Amino acid sequence: MAGAETVRFATFNASLNRGSEGALINDLSTPDNAQAQAVAEIIQRSNPDVLLLNEFDYDPNGTPQSYFSKTTWGWVKTEPLLLSIPMSIWLPPIPELLLALI
């Protein structure tokens, strides 16, 4: 197996889900959200090649996903860690996917 590469997979329950519509967007609209920063730092330190991020509020417009990417990934308070995300796919919750398939 000469030249074989290692691919690191990770799954993370971010618990970035909220009880009301728009609450996560509000929380992520600035880079000062401690929970989002902690999630980003843990993910960055594990440095996976493929990441499944669970418990993140889904928005069909991608607003919280965009805020998380822009205000969190490249900015961690403890030290400047950078995680390269060349591609991301944000899917609706499983019940919505199942309904779309029926």
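Residues numbered from 1 in each chain as written. Predicted model: local features only at pLDDT ≥ 70, side-chain atom pairs only at ≥ 80, totals over all residues. Heavy atoms only, no water.

## Considering the overall build of the protein chain
Here is step 1: For the protein chain, the helix and strand inventory stands at four helices and two strands.
Here is step 2: Secondary structure elements in the protein chain, listed N-terminal to C-terminal, are β-α-α-β-α-α.
Here is step 3: Looking at the protein chain residue by residue over its 102 residues, the buried ones come to 28%.
Here is step 4: Counting contacts in the protein chain only where the partners sit at least 6 residues apart, residues at least 24 apart contribute 75% of the total.
Here is step 5: Approximately 7200 Å² of the protein chain is accessible, and the part contributed by carbon and sulfur atoms is 57%. (Helix = DSSP H or I, 4+ residues; strand = E, 2+ residues; numbered from the N terminus. Buried < 20%, exposed > 50% of the residue type's maximum accessible area, 1.4 Å probe, protein only. Contact = heavy atoms within 4.5 Å. Areas by Shrake-Rupley, 256 points an atom, 1.4 Å probe, with all protein chains shown as cover.)

## Thoughts on the nonpolar core
Here is step 1: Phe12, Ala14, Leu16, Leu24, Leu28, Ala36, Val39, Ala40, Ile43, Leu53, Phe56 and Phe68 form the largest nonpolar core, which has twelve residues in total.
Here is step 2: Listed by contribution, the elements that provide at least two residues to this core are strand E1 (9-16), helix H1 (23-28), helix H2 (34-46) and strand E2 (50-56).
Here is step 3: Counting residues per element, this core draws most heavily on H2, which supplies four residues.
Here is step 4: Filtering out sequence-adjacent residues up to four positions away, Leu53 remains in contact with Phe12, Ala14, Val39, Ile43, Phe68 and Trp90. (Core = buried A, V, L, I, M, F, W, Y, C linked by side-chain atoms within 4.5 Å.)

## Description of the packing of aromatic side chains
Here is step 1: Across all of its chains, the model carries one aromatic pair by this definition.
Here is step 2: Between Phe56 and Phe68 the ring centres are 5.5 Å apart and the planes differ by 75 degrees, which places this aromatic pair in the edge-to-face class. One end of the pair, Phe56, is in strand E2; the other, Phe68, is in helix H3 (residues 63-71), with twelve residues separating them in the sequence. For the pair Phe56 and Phe68, a shared accessibility class is recorded, and that class is buried. (Phe/Tyr/Trp six-rings, centres within 6.5 Å; stacked < 30°, edge-to-face > 60°.)

## Thoughts on a nonpolar patch on the surface
Here is step 1: Taken together, the side chains of Val7, Phe9 and Val50 present a nonpolar region at the surface, about 300 Å² in accessible area.
Here is step 2: Among the secondary structure elements, Phe9 is positioned in strand E1. (Patch = residues over 30% accessible without salt bridge, like charges linked within 9 Å, V, L, I, M, F, W, Y side chains within 5 Å. Salt bridge = Lys/Arg side-chain N within 4 Å of Asp/Glu carboxyl O.)

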